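As a plain string of letters, each chain reads:
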Amino acid sequence: MAAKPIASPIPVALYPTLSVFTLAIGLVITAIFFIYETTSSRKNRSLGKELATSAVASVFLGFGSLFLLLASGVYV
Amino acid sequence: MAARIGIFAVVVAVFLSIPAFSSAQDLQIVNAERRIDLSSHIVKDFLTLKVENIGISPAAEMLLAFSPTQIKNLAMVQALAITGKKKKKTYLPLDVKPAEQPDAPNDTGYYRVTFVSPLGPGETVSLEVLYILTNSLEPFPVEITQSESQLVYYHDSAVILSPYHVKQQTTFVKTPSTRVESFTSIEPANRAGKEIKYGPYENRASYSYAPVIIHFENNSPFAVVEELVREIEISHWGSLQITEHYRLTHGGARHKGVFSRVDYQSKRSVSGASSFNALLAVLPPRVNSVYYRDDIGNISTSHLRTGFRKSELEFEPRYPLFGGWRATFIIGYRVPLEDYLFEASDGRRYLNFTFGCPLVETIVNKLTIKVVLPEGSKDPYAILPFTVNQDLQVKYSYLDIVGRTVVVLQKDNVVPTHNVPFQVYYTFKPIYMLAEPFMLVSAFFFVFVASLAYVHIDLNIARK
């Protein structure tokens, strides 16, 4: 019987680094989103741009919080 | 004393007068040598048998008989077939299963040993049988003070109980120290130092039984774990988290009177001779994040030594354990996933882990192992070399929607010989791993959508 060991898809040693970078990028894009919200007026606000920015920001923040959980020992 | 010997003689005569129980095959034991090791509270019996087929048809198996009290306390029976001579001996493991015989005299219990190849008429085979008994040393006196030594009774038979005729047999009993208060003498029996020799006995009929009682000193730690629950949580993100809940007792003579800490610390060799204060747990080699705590909090009296083949955790409960005292604690640790999780050739994943309790020389009365499989696992299936009770449960943990399947394995009367690998198979599609980050992503997206809605919704009453 072939006994191939199964490991995590991402090397465990990378979790802290990955979490810092993805969270940083996520927070930067969140900042871009909120700056857009506050600096634009009702007329020239584009819903598509808002939704796209929030989608990308939530993906990065979601993965960043997952890696943060894994790096701190809560293996979900 | 004379009355007791009289009773023994009557019992022996009754047993010898019962007509020999004829098994399906006619086997006879030419030579039997039994070595009983009473050094610790786990009694180990090594039986070397030379079995001959005196019938006319080949015999594929043989029966091992045990008295009713022994069958209750039997933790494990293993048999090996010895082939070859002297230096070139090879040992082949044989299949041993409990057997039921309808007309068993006096509630005798049986185990059936299947030979490698059926034994032809007139052939002999050499077997080595190991059986382990737990809870077989009865403390007497039942209660002792702190300054007394622990003396125990061991009940057995000088003549090996067997459904076959035994031509020649000898029994050697090894005690932990030279102090033996008394032992029943069934001629020829003599004692030299730490060894008592019963035999050689010639030509004993089947089911002959000669009860003996050995009263000796045994100060080895009687560490008994009343209940152990081991939870192994598999996380495909890279680790195996093991949490063990122990309820430990001292299973020897109960402690009576006061506990004097002054006596205990000043005269350690005399005071509390049968008590123990440290235990050793053998953990996997690449272990990290080991913790040892109880309901009060962390217990700092522990030493962890990691190594290449195994790690050793030497830990001390908050107080030394005397007879009848209890200690409850939790030991937890983490091991890397790639050491234990593998992919089978048919695509299924399986966990290869060690069964049993990591503590050395400890009996576990009730062992429960819970293997928590990740969310999205299907068709769990456990394979073990011995019988356990299997069950399935559901556990809700971090970021769970439908819950995680838990395979519960339960076994009673577990000894360190049960620490063998077992496998739990399950199927898992790797795409299910994305369910957890997807949940987090959607949570953040919901926050953004809420803020968008707040910004876009116009709550002015007056018309612009």
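Bear in mind that the values here come from a model prediction, so they are computed numbers and not experimental data.

Next up on the list: the overall build of chain B. On a plain count of helices and strands, chain B comes out with four helices and 30 strands. Expressed as lengths along the three principal axes of its C-alpha atoms, the size of chain B is roughly 115 × 65 × 45 Å. Restricting to contacts in chain B with at least 6 residues of sequence separation, those with at least 24 account for 74%. Approximately 22,700 Å² of chain B is accessible, and the part contributed by carbon and sulfur atoms is 56%. Averaging the positions of the 46 positive and the 44 negative side-chain charges in chain B gives two centres separated by 4 Å.

Counting secondary structure elements, chain A contains two helices and one strand. The globule rule puts the C-alpha radius of gyration for 76 residues at 11 Å, and the 18 Å found for chain A is more than 25% above it. Dimensions of chain A, computed from C-alpha atoms along their principal axes, come out at roughly 65 × 25 × 15 Å. Among the 76 residues that make up chain A, the fraction classed as buried is 36%. For chain A, the proportion of contacts with a sequence separation of at least 24, taken over those separated by at least 6, is 65%. As displayed, chain A has an accessible area near 4,200 Å², and 77% of this comes from carbon and sulfur atoms.

Next up on the list: the side chain of B:H418. Residue and element names in this part refer to chain B. Here H418 shows up in the loop between β29 (404-414) and β30 (421-427). Within polar-contact distance, the side chain of H418 engages the backbone oxygen of A75 at 3.4 Å. Those residues within four positions of H418 in sequence are excluded, and the remaining contacts are A75, M76, F355, G356, F386, K411 and N413.

Every contact between the two is made by 36 residues of chain A and, on the other side, 34 residues of chain B. A buried area of about 3,100 Å², summed over both sides, lies between chain A and chain B, and 71% of it is on carbon and sulfur atoms. Across the pair A:K4 and B:E343 runs a salt bridge, and its minimum N-O distance is 3.8 Å. Scanning the region where chain A abuts chain B turns up seven residue pairs in polar contact (both at pLDDT 80 or more). Breaking the side of chain A that touches chain B down by element, the ones donating at least two residues are β1 (4-5), α1 (15-39) and α2 (47-71) of chain A. Considering each element in turn, the side of chain A that touches chain B owes the most residues, 14 residues, to α2(A). In terms of residue class, the side of chain A that touches chain B is built from 24 nonpolar, seven polar and five charged. Pairing geometry for β1(A) and strand β24 (residues 341-343) of chain B, over two bridges, is antiparallel.

Let us now look at the environment of B:F315. Residues and elements named next belong to chain B. When you line up the elements, F315 lands in strand β22 (residues 311-315). Exposure remark for F315: the relative accessible area of 0% places this residue in the buried category. Sequence separation between F315 and S302 is 13 residues, and the spatial gap between their C-alpha atoms is 4.0 Å. Not counting chain neighbours up to four residues away, the residues in contact with F315 comprise N277, A278, L279, A281, Y292, T301, S302, F329, I331 and L359.

Moving on, we get to a nonpolar patch on the surface. A contiguous nonpolar patch, built from A:L47, A:L51 and B:V449 and spanning about 220 Å² of accessible area, is present on the exposed surface. Its location among the elements puts A:L47 in helix α2.

Quick look at the UniProt feature "transmembrane region" (unreviewed entry) in chain A now. Within this structure's numbering, the places UniProt gives as "transmembrane region" (unreviewed entry) are residues 12-36 and 56-75 of chain A. The distance from the first to the last C-alpha atom of residues 12-36 of chain A is 36 Å, and the span holds 88% helix and 0% strand.

The next point concerns the pattern of salt bridges. Residue and element names in this part refer to chain B. Within this structure, the stated rule accounts for 24 salt bridges over all chains. Between R305 and E312 there is a salt bridge, with its nearest N and O atoms 3.5 Å apart. In the salt-bridge network here, residues are joined through shared partners; they are E231, E233, K395, D400 and R404.

Here the focus is the packing of aromatic side chains. With the rule as written, the count across this model stands at 25 aromatic pairs over all chains. Relative to A:F67, the ring of A:F63 lies with its centre 6.4 Å away and its plane at 40°, an arrangement referred to as tilted. Within this pair, A:F63 and its partner A:F67 are both found in helix α2, separated by four residues, close to a single helical turn. For A:F67, a relative accessible area of 6% translates into the label buried. Between B:Y246 and B:F329, the aromatic rings sit 5.0 Å apart at their centres with planes inclined by 25°, giving stacked as the arrangement. Of the two residues, B:Y246 is situated in strand β17 (residues 239-250) and B:F329 in strand β23 (residues 326-336); the sequence distance between them amounts to 83 residues. Across the pair, B:F329 and B:Y246 agree in class, each one buried. An aromatic cluster is present here, built from B:F259, B:Y264, B:Y319, B:F322 and B:W325 joined pairwise through their rings.

What counts, and at which threshold
Residues numbered from 1 in each chain as written. Chains lettered and ligands numbered in written order. Predicted model: local features only at pLDDT ≥ 70, side-chain atom pairs only at ≥ 80, totals over all residues. Heavy atoms only, no water. Helix = DSSP H or I, 4+ residues; strand = E, 2+ residues; numbered from the N terminus. Contact = heavy atoms within 4.5 Å. Areas by Shrake-Rupley, 256 points an atom, 1.4 Å probe, with all protein chains shown as cover. Lys, Arg positive; Asp, Glu negative; His and termini not counted. Charge placed at Lys NZ, Arg CZ, Asp CG, Glu CD. Rg over C-alpha atoms; globule rule 2.2 N^0.38 Å. Buried < 20%, exposed > 50% of the residue type's maximum accessible area, 1.4 Å probe, protein only. Polar contact = N/O pair within 3.5 Å; in protein donor to acceptor, adjacent residues only side chain to side chain. Buried area = accessible area lost by both parts, 1.4 Å probe. Salt bridge = Lys/Arg side-chain N within 4 Å of Asp/Glu carboxyl O. Nonpolar A, V, L, I, M, F, W, Y, C, P; charged D, E, K, R; others polar. Pairing = 2+ DSSP bridges. Patch = residues over 30% accessible without salt bridge, like charges linked within 9 Å, V, L, I, M, F, W, Y side chains within 5 Å. UniProt positions renumbered as here; feature names shortened; annotations may be inferred. Phe/Tyr/Trp six-rings, centres within 6.5 Å; stacked < 30°, edge-to-face > 60°.

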